[in-house]
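Residue-level structural notes
The primary structure of each chain is shown beneath.
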Amino acid sequence: MTRPETASVIEALDRDGYVIVPDVLAGDEVAGIRAGLQTLLAATPTGRDDFEGHRTRRIYAIFAKTRLLDGPATHPLVLSVLDHYLYDYQLSAPTGIEIGPGEVAQPLHPDDGVYPIPRPHRQLVINVMWPLDAFTEANGATRIVPGSHRWGDERPEPGAPVISAEMPAGSALIYLGTLWHGGGANRTDRPRLGVVMHYAAAWLRPQENHLLAVPRDVVRGLPERLQELLGYNICPPFIGYVDGRHPRRLLR
Ligand SMILES: O=C(O)CCC(=O)C(=O)O
């Protein structure tokens, strides 16, 4: 049964393509994740192109590097929204994103644009941005074109109505894979940190290859639901088998 909170989130997603849910993570949890990611960021290079951002650091293979995001990745509200849209799903591109001072706005894009499937189509990708700093228009809050999740082949024209997803740390910005959006420019003197969790239908290839990115010994220690989200699962009827068996057996 759909929980009341899930129902209102889904209503907003269907209408606008995105929703900001406040107060999902407690302040001490946000502080812990934020502090823990600093060590990883210190060892992370800036991006290589306009999409990654030349003044932006992206932590890939995040579940190989920290246990701090295991909870957010499997948050019950998020999973209930994913159940509604995707049925069987997996993590696709979980990434820490620190937009540095002086960064310019990322090109707007829909995250499911990596899959060559004509629009409009049913939702194949759902994402959650977890802000670890307050997101503001000035520091690079995610830019969103409301309602663009319903578009066909249209692209945002210059001057299209774009809003900045301003929100306090501890909120969750949930958005549909068909929604046009992008990271904002950072005009402040401090970086803006968030972690985005992309999830995709389980019959698609995830953007990051978790089976190679996260060592099996690490996966063995994870909660079973997270193991499944990292690819140790079957998409019915039998996509993802290993030697004819459920991939979970490899973890025993
Ligand atoms: O950092 C953000 O606010 C959004 C980043 C994004 O959309 C992406 O990298 O695909």
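For the structure itself, look to the data block above.
The following paragraphs examine the structure supplied in this document. (Residues numbered from 1 in each chain as written. Predicted model: local features only at pLDDT ≥ 70, side-chain atom pairs only at ≥ 80, totals over all residues. Heavy atoms only, no water.)

1. Side note on the sheet that holds strand β5 (residues 109-110)
Either a parallel or an antiparallel arrangement is found when strands of a sheet pair, and the pairing is made through backbone hydrogen bonds. Keep this limit in mind: For two strands to count as paired, DSSP must find a minimum of two bridges between them. Here a helix means four or more residues in a row that DSSP labels H or I, a strand means two or more in a row labelled E, and each is numbered from the N terminus.
Spatially, four strands are ordered β5-β10-β7-β8 in an open sheet, and the strand pairing comes out antiparallel. Two strands in the sheet have a free side with no partner beyond their single neighbour: β5 and β8 (163-164). Where strand β7 (residues 143-144) lies against strand β10 (residues 180-182), two bridges are found, and the strand directions are antiparallel. The partner of isoleucine 144 across the bridge, within β10, is histidine 181.

2. A few points about the environment of glutamate 52
To keep things clear, this is the line we draw: Only heavy atoms enter the contact rule, under which two residues are in contact if any of them lie within 4.5 Å. For this analysis, a polar contact is any N or O atom pair within 3.5 Å, provided that within protein one partner can donate a hydrogen and the other can accept it, and provided that sequence-adjacent residues contribute only side-chain to side-chain pairs.
Its place among the elements puts glutamate 52 in the loop between α2 (27-42) and β2 (56-59). For glutamate 52, the residues in contact, after removing those within four places along its chain, are Gly47, Arg58 and Tyr60. One polar contact links glutamate 52 to arginine 48, side chain to side chain, over a distance of 2.6 Å.

3. Looking at the site of the ligand
Basically, it comes down to this: Being near a molecule or strand, for a residue, comes down to having at least one heavy atom within 4 Å of it. All accessibility values rest on the Shrake-Rupley procedure with a 1.4 Å probe; residue burial counts only the protein chains present in the view. For this scheme, ten residues count as nonpolar: Ala, Val, Leu, Ile, Met, Phe, Trp, Tyr, Cys and Pro. Four count as charged, namely Asp, Glu, Lys and Arg, and the remainder, Gly too, count as polar.
Taken together, Phe51, Arg58, Ile97, Ile99, Gln106, His109, Asp111, Met129, Thr142, His181, Gly183 and Arg192 make up the full set of residues near the ligand. Contacts to the ligand include arginine 58, whose side-chain N or O atom sits 2.9 Å from an oxygen atom. Within the side chain of histidine 181, a nitrogen or oxygen atom sits 2.9 Å from an oxygen atom of the ligand. Notes on the ligand: free accessible area 300 Å², of which the protein chains cover 97%. The residue makeup of the shell around the ligand, split by class, is four nonpolar, five polar and three charged.

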